Every structure is written in C-alpha cells, then in structure tokens.
Amino acid sequence: QVQLEESGGGLVQPGGSLRLSCAASGDFFSILILNWYRQPPGKQRELVATISEDADTNYADSVKGRFTISRDNAKNTVYLQMNSLKPEDTAVYYCNTVILGVHSWGQGTQVTVSS
C-alpha cells in the first residue's frame, strides 16, 4: 500500500510554468516506478510521464521537451516541472504507481492554462 497526494496546481497563462509535487507514504518509495497522468475535461485519462527507480524517464509526445519528471527519494516525493504551458495542458493531474497490479492514485490537482 502507498498513499499519494498531489499539490502545486493552479491557474497560469499560456507560456507559464508550474511545478507539481506528489508526496508518498510507504517504505519502498525508492524502488517504485512513478507516473504522472492527466485527465482533461471531458476526455480520458492519459499517461504524461514515467520515472523508474533508476531515474530513467519517459514522456508523452505532447509534453516532451516541456515537462520534466524527477524524484527525491529522501523526501518520498515525485515532481512534474511543467514549462511552456499550453491551453491543451489544462487537466486534473494525478500521480500514480502500480504495486502487484494494483494502482494507487492521488486525489489530483487542477492545472488550468488560460489567458
């Protein structure tokens, strides 16, 4: 079991930046693969970024070059740095991990990109 809680969302103008944080509980954070998902209004949830226990990363094509996922194992926290934000980035953002096939999700944090 792991508990996740996101923070850092808000309203920003196009071209702006936000950094999302996800704090996790549990003793095995350092070996977890961690993910950021997002769900735009009226659309399906989609995978945005992934980071492995060795800090290897992968990104959706839509955010590659603009978003950076990172982790601080000492703080049991995963981050999503979002730069050059676009209106289409507007969504509820969730952190996620999977243990033995069971998904753990945070409550989500709203990101709104609008002028």
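Please refer to the structure higher up on the page.
Residues numbered from 1 in each chain as written. Predicted model: local features only at pLDDT ≥ 70, side-chain atom pairs only at ≥ 80, totals over all residues. Heavy atoms only, no water.

**A closer look at the sheet that holds strand β1 (residues 4–7)**
Strand order in the open sheet formed by four strands is β1-β3-β8-β7, and the pairing between neighbours is antiparallel. The open sheet is flanked by β1 and β7 (67–72), the only strands paired with a single partner. Averaged over all neighbouring strand pairs, the angle between strand axes comes to 15°, with direction disregarded. Here β7 pairs with strand β8 (residues 77–82) via six bridges, running antiparallel. Opposite I69, over in β8, you have L80 as the bridge partner. (Pairing = 2+ DSSP bridges. Helix = DSSP H or I, 4+ residues; strand = E, 2+ residues; numbered from the N terminus. Axes fitted to C-alpha atoms, helices over the stretch in contact; angles between N-to-C directions.)

**So, the state of the cysteines**
Note on terminology: disulfide describes a covalent bond linking the sulfur atoms of two cysteines. Taken as a whole, this structure holds one disulfide when the rule is applied. Residue pairing for C22: its cysteine sulfur links by disulfide to C95, the two sulfurs lying 1.9 Å apart. An S-S torsion of about 55° defines the bridge between C22 and C95 as right-handed. Taken as a pair, C22 in strand β3 (residues 18–24) and C95 in strand β9 (residues 91–99) lie far apart in primary sequence, 73 residues in all. (Disulfide = S-S within 2.5 Å.)

**A short note on unusual backbone geometry**
Residues other than glycine seldom take positive phi values, yet A55 does so here, at roughly 70°. By secondary structure assignment, the location of A55 is in the loop between β5 (46–51) and β6 (57–59). Of note, S84 is a non-glycine position whose phi angle comes to about 50°, a positive value.

**Some thoughts on the side chain of R66**
With respect to the helices and strands, R66 occurs in the loop between β6 and β7. When its relative accessible area of 11% is taken as the criterion, R66 is described as buried. There is a polar contact of 2.9 Å between the side chain of R66 and the backbone oxygen of S62. Beyond its immediate stretch of four places on either side in the chain, R66 contacts Q81, M82, N83, S84, L85, K86 and D89. (Buried < 20%, exposed > 50% of the residue type's maximum accessible area, 1.4 Å probe, protein only. Polar contact = N/O pair within 3.5 Å; in protein donor to acceptor, adjacent residues only side chain to side chain. Contact = heavy atoms within 4.5 Å.)

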